[in-house]
Amino acid sequence: MKIAIVLGTRPEIIKMAPVIDEINRNNSEVILIHTGQHYDVNMSKQFFIDLNLPVPNYNIGIGSYTAIKQISVIISELEEILQEENVDIVLVQGDTNAVLAGALASNKLKIPVGHVEAGLRSFDKDMPEEINRLIADNCSLLYFVPTKETALNLLNEGVNHDQIFITGNTIVDACIRHKDIAIAKSEINNLVKFDEYITLTMHRAENVDDPERLKSIVDSLINLPYNIVFPIHPHTKKSLINLDLYENLKNKENIQIIKPLGYLDFLALLSNSKLLLTDSGGVQEEAITLNIPCVTLRYNTERPETITNGGNILAGANSEEISNNIKNILDKPEVYEKMANAVNPYGDGESSKKIYNTIKEIYDKDELKIKKAKEIMDFKGYHLYNITEEITVKQYETENRYSIIQQVFNDGVPVNIEDSLKLKGKIIIVKEFEKNK
Ligand code: UD1
Ligand code: UDP
């Protein structure tokens, strides 16, 4: 089995690392394609070193351009590479431009796409990442989703349940595998000026490309009575300098700005911090994995489980809201303890195994392909039924060959659909077809 992985940015390298390990451990072939969207040593190469990854087979070297140029060049370069390599599946991860380009190019070449971390939704179409996720999910054959809640997003959008696999998030695999070694080996403590501090990361376009929001966040940071360590993303540094805000932050005694860190150093920094302030997706997930309370500098999150489980709070970009939330957590031990003890919703660190095993099982059945329609089928529509008999999803769909269960509600609450789910007492919505006579 030959698997291509398309990645382009720091979080994709980190979250795909356990999947690459798993493919190699099982002696399947992996073709690694780096788009080059992140190119600084401390945004890319350092992660290949820290995570013991092979050098990519290809580097498209796209660098920093407008999204349109990035996406269009990556797609056309991928056309040549993927035609040459003849792979069984292309895997993409998350929601960056590399994901959109990788999924679309593969789909146009009729190569099956597996989307790792599929189904996340912020329902905010102002975010470039939301559009990337939606398009990648529309191009995918296999959906590896982190949680049941995420699976429901895809069911709501009409994806068939037999294409959705709840695997947890590979960030937990990466975190668990590297945390101890990071704490033992990293010398980040020698660099950090403070014993007690908040870790800050920020780079999202909706914050750093919006002068009003960026000013408001900086205003809050400058007035916070806590120590802050800020490994600064190059995107953010550029915006702060352009707005003449960089020096304001840099000159504050209690704010330490440092370069972006390698993975081991960052894990060590985060593990030792009192609290996380971030707009990052991956770092929100790491915080709840490492029991660090998180305040998120966004108005929404595609990781709502971190909020419902009690480990994360949305503070937006409003200066007062940010300060009040941080104070509330750090000054009240009972609030702090509750947040630090929130249950991690992203699995047990076995996500990459589940992803690989699922792909292999489908490949071994010779089903890793985009199926051609073989029968003429008329779509009859969606129908709602109240199920009164003892029957499972699998049995229902076997008995009703031209029906696919799209949604199941138990006491009005949508539940994830698995073959073994018992339907008695539940309401189902079914996508029904009729065989052309
Ligand atoms: C990208 C992703 C974002 C992800 C983030 C992870 C998209 C649309 N955005 O955002 O979803 O959360 O990566 O970190 O795909 N730059 C450098 N050196 C680098 C990389 C970038 O200096 O190695 C600077 C350049 O000035 C560039 C800017 O950062 O213009 C933005 O980079 P870009 O890759 O477009 O977006 P990110 O903010 O990194
Ligand atoms: N990270 C890192 N060094 C840093 C900041 C973040 O290694 O200085 C890691 C972090 O551990 C997490 C990932 O980068 O796994 C998150 O990436 P980022 O915040 O850039 O992107 P997002 O997750 O928001 O897409």
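Just so it is clear, the model here is predicted, and its values are computed rather than measured.

**Structural notes on the overall build of the chain**
And then number 1: Broken down by element type, the chain carries 19 helices and 17 strands.
And then number 2: For 437 residues, the compact-globule formula gives about 22 Å, and the C-alpha radius of gyration of the chain, at 23 Å, lands near that figure.
And then number 3: With the C-alpha coordinates of the chain rotated into their principal frame, the extents come out at 80 × 50 × 40 Å.
And then number 4: The long-range fraction of contacts in the chain, counting pairs at least 24 apart against all pairs at least 6 apart in sequence, stands at 73%.

**What to know about the site of ligand 1**
And then number 1: In the vicinity of ligand 1 there are 19 residues, among which Asp40, Ser64, Thr96, Pro234 and His235 approach most closely.
And then number 2: Per-element accounting of the shell around ligand 1 gives the leading share, three residues, to helix H11 (residues 234-242).
And then number 3: Here the shell around ligand 1 spans two domains, since at least three of its residues come from each of domain 1 (2-169 + 348-364) and domain 2 (190-340).

**Comments concerning the sheet that holds strand S16 (residues 413-415)**
And then number 1: Across the sheet, which stays open at both edges, the four strands sit in the order S14-S17-S15-S16 with antiparallel pairing between neighbours. Both edges of this open sheet fall to strand S14 (377-386) and S16, since each of them pairs with a single strand only. On average, each strand axis in the sheet is tilted by 25 degrees relative to the strand beside it, whichever way the strands run.
And then number 2: Sheet topology note: the S14/strand S17 (residues 427-435) ladder contains nine bridges and is antiparallel. Each bridged residue has a counterpart across the sheet, and for Asn386 the counterpart in S17 is Ile427.

**What about the domain arrangement of the chain?**
And then number 1: Taken as a whole, the chain is organised into domain 1 (2-169 + 348-364), domain 2 (190-340) and domain 3 (377-435).
And then number 2: The gap between the C-alpha centroids of domain 1 and domain 2 is 27 Å.
And then number 3: Residue-level contacts link 21 residues of domain 1 with 15 residues of domain 2.
And then number 4: Those elements that provide at least two residues to the side of domain 1 that touches domain 2 are helix H1 (10-25) and helix H2 (45-50).

**Comments concerning the pairing of S17**
And then number 1: For strand S15 (residues 403-410) and S17, the ladder comprises six bridges, and the chain directions are antiparallel. In the strand pairing of S17, Val408 is matched with Ile428.

**Looking at the site of ligand 2**
And then number 1: Around ligand 2, 15 residues are found, and the nearest of them are Pro11, Pro231, Phe266, Ser280 and Gly282.
And then number 2: For the shell around ligand 2, the elements supplying multiple residues, two or more each, are H1, helix H13 (263-271) and helix H14 (281-289).
And then number 3: It is H14 that contributes the most residues to the shell around ligand 2, four residues altogether.
And then number 4: When grouped by side-chain class, the residues that make up the shell around ligand 2 number eight nonpolar, five polar and two charged.

**Observations regarding H1**
Since one α-helical turn is 3.6 residues long, residues separated by three or four positions face the same way.
And then number 1: In a regular helix each residue adds 1.5 Å, so 16 residues correspond to 22 Å; H1 covers 23 Å between its end C-alpha atoms and thus fits that length.
And then number 2: When the local axis directions of H1 are compared, the greatest deviation, roughly 40 degrees, occurs at Met16, which is followed within four positions by the proline Pro18.
And then number 3: The buried fraction of H1 is high, at 14 of 16 residues.
And then number 4: At the C-terminal side of H1, Asn27 shows a positive phi close to 60 degrees.

**Structural notes on the pairing of strand S4 (residues 89-93)**
And then number 1: Across the five residues that make up S4, a large majority, five, are buried.
And then number 2: Burial along S4 is two-sided: Ile89, Leu91 and Gln93 and Val90 and Val92, pointing in opposite directions, are all buried.
And then number 3: By the bridge criterion, three bridges tie strand S1 (residues 2-7) to S4 in an arrangement that is parallel. Its bridge partner being in S4, Ile3 is matched across the sheet by Ile89.
And then number 4: Pairing geometry for S4 and strand S5 (residues 113-116), over four bridges, is parallel. Residue pairing across strands places Gln93 opposite Val116, the latter belonging to S5.
And then number 5: The handedness of the S4 to S5 crossover, carried by helix H4 (residues 97-108), is right-handed.

Quick notes on the rules
Residues numbered from 1 in each chain as written. Chains lettered and ligands numbered in written order. Predicted model: local features only at pLDDT ≥ 70, side-chain atom pairs only at ≥ 80, totals over all residues. Helix = DSSP H or I, 4+ residues; strand = E, 2+ residues; numbered from the N terminus. Rg over C-alpha atoms; globule rule 2.2 N^0.38 Å. Contact = placed C-beta atoms within 7 Å. Near = placed C-beta within 6 Å. Domains from an automatic or database assignment. Pairing = 2+ DSSP bridges. Axes fitted to C-alpha atoms, helices over the stretch in contact; angles between N-to-C directions. Nonpolar A, V, L, I, M, F, W, Y, C, P; charged D, E, K, R; others polar. Expected span 1.5 Å × (residues − 1). Bend = angle between axes of the 7 residues up to and from the residue. Buried ≥ 20, exposed ≤ 12 C-beta atoms within 10 Å, placed from the backbone. Right-handed = clockwise from strand over helix to strand, strands pointing away.

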